[in-house]
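Reading the structure
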Amino acid sequence: VSQGLFITGAGTEVGKTLIACALAHHLRRAERPVKVLKPIISGFDPDLAEESDTGLLLRAAGVKVTKAAIAEASPWRYADAISPNMAAARTGTSIDMDAVLEQCRAALSDDHFTLIEGVGGVMAPVTDEITVLDWMAALGLPAVLVGGSYLGAISHTLTAAAVLIERAVPIRAVVVSESLDPPVPLAQTATTIAGFLPHLPVIAVPRIAPIDRPWEAIDGLGELLEG
Ligand SMILES: Nc1ncnc2c1ncn2[C@@H]1O[C@H](COP(=O)(O)OP(=O)(O)OP(=O)(O)O)[C@@H](O)[C@H]1O
Ligand SMILES: [Mg+2]
């Protein structure tokens, strides 16, 4: 079977890219080949490609951030930082989910580990009819659900986990990536989430210093890459 993970989130800006980069970095350190994809990206500015999600993912995977590499990892790129269905509509197009699935499947292989970052939260609309959840259910890859530790994050994360479970998307782990100014210590948020999801690994990732390659500072995600 192909090895891969789909990195999804309880919402936008929770740490999906950071965690996906940390996983890519971990694979490289273990000398395991890795391929990264962020098929759909909104809010993309070609002049800031290095700092885009796609650019960060490529750098973490050890790939030079060229136009060709960006186009291959992220075929669906939109300038406006809004949901993909609306971002595509503003360009007079819509996203062909079959083509997205085809790109994902083509990237899966026994020869490397494939990391796919979704877009926005679990039910961000890709088209007017299809959400990221439908995408994940069709693909069938195990998901890593990333959430934050801001006030309200517990409900967002449990809600996201509930719909994944309902749609039979396997959850490899829940990652709680510490938010800025969390209302309680990170461990308390993670423990509370774990209490409601007794059969799932819940991994707390503390706030790390915003250095150039912050993902290199994240340890303890290796278990997500086994199984
Ligand atoms: N544990 C953490 N420590 C430090 N910074 C973090 C942590 N988690 C997230 N961040 C920072 O928060 C911001 C948002 O994280 P990230 O870009 O990974 O979120 P995302 O879920 O991928 O967002 P999007 O929906 O835009 O793809 C980034 O600047 C990231 O570096
Ligand atoms: Mg991201």
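That block above? That's the structure.
Residues numbered from 1 in each chain as written. Chains lettered and ligands numbered in written order. Predicted model: local features only at pLDDT ≥ 70, side-chain atom pairs only at ≥ 80, totals over all residues. Heavy atoms only, no water.

1. Things to note about the layout of surface pockets
As a volume, the largest pocket reaches approximately 1,000 Å³. Residue lining of the largest pocket: 42 residues in total, with Glu13, Val14, Gly15, Thr17 and Asp53 positioned closest to the centre. For the lining of the largest pocket, the elements supplying multiple residues, two or more each, are helix H1 (16-29), strand S3 (40-42) and helix H2 (53-60). Per element, the largest residue contribution to the lining of the largest pocket is four residues, and it comes from H1. Counted by class, the lining of the largest pocket contains 20 nonpolar, eleven polar and eleven charged residues. In this structure, the second largest pocket occupies an estimated 180 Å³ of space. Lys35, Val36, Leu58, Glu72 and Ala73 are the residues nearest the centre of the second largest pocket, which is lined by 13 residues in total. Mapped onto the lining of the second largest pocket, the elements with two or more residues apiece are strand S2 (34-37), helix H3 (67-73) and helix H5 (97-107). (1 Å grid on protein atoms, 1.4 Å probe; cavity = no way out; pocket = protein on both sides within 12 Å on 5 of 7 lines; lining within 4 Å. Points joined across faces, edges and corners; volume = space filled by probe spheres on them. Helix = DSSP H or I, 4+ residues; strand = E, 2+ residues; numbered from the N terminus. Nonpolar A, V, L, I, M, F, W, Y, C, P; charged D, E, K, R; others polar.)

2. Let's talk about unusual backbone geometry
Leave glycine aside and you will find that most residues have negative phi; peptide bonds, for their part, are mostly trans. The phi dihedral of Ala168 is positive, around 60°, even though this residue is not glycine. Here Ala168 lies in the loop between helix H7 (153-166) and strand S7 (171-177). Relative accessible area serves as the criterion here: at 63%, Ala168 is assigned to the exposed category. Of note, Asp181 is a non-glycine position whose phi angle comes to about 50°, a positive value. Within the secondary structure layout, Asp181 lies in the loop between S7 and helix H8 (186-196). Residue classification places Asp181 among the exposed residues on the basis of a relative accessible area of 73%. (Buried < 20%, exposed > 50% of the residue type's maximum accessible area, 1.4 Å probe, protein only.)

Geometric descriptors of this kind do not, in isolation, establish any biological role.
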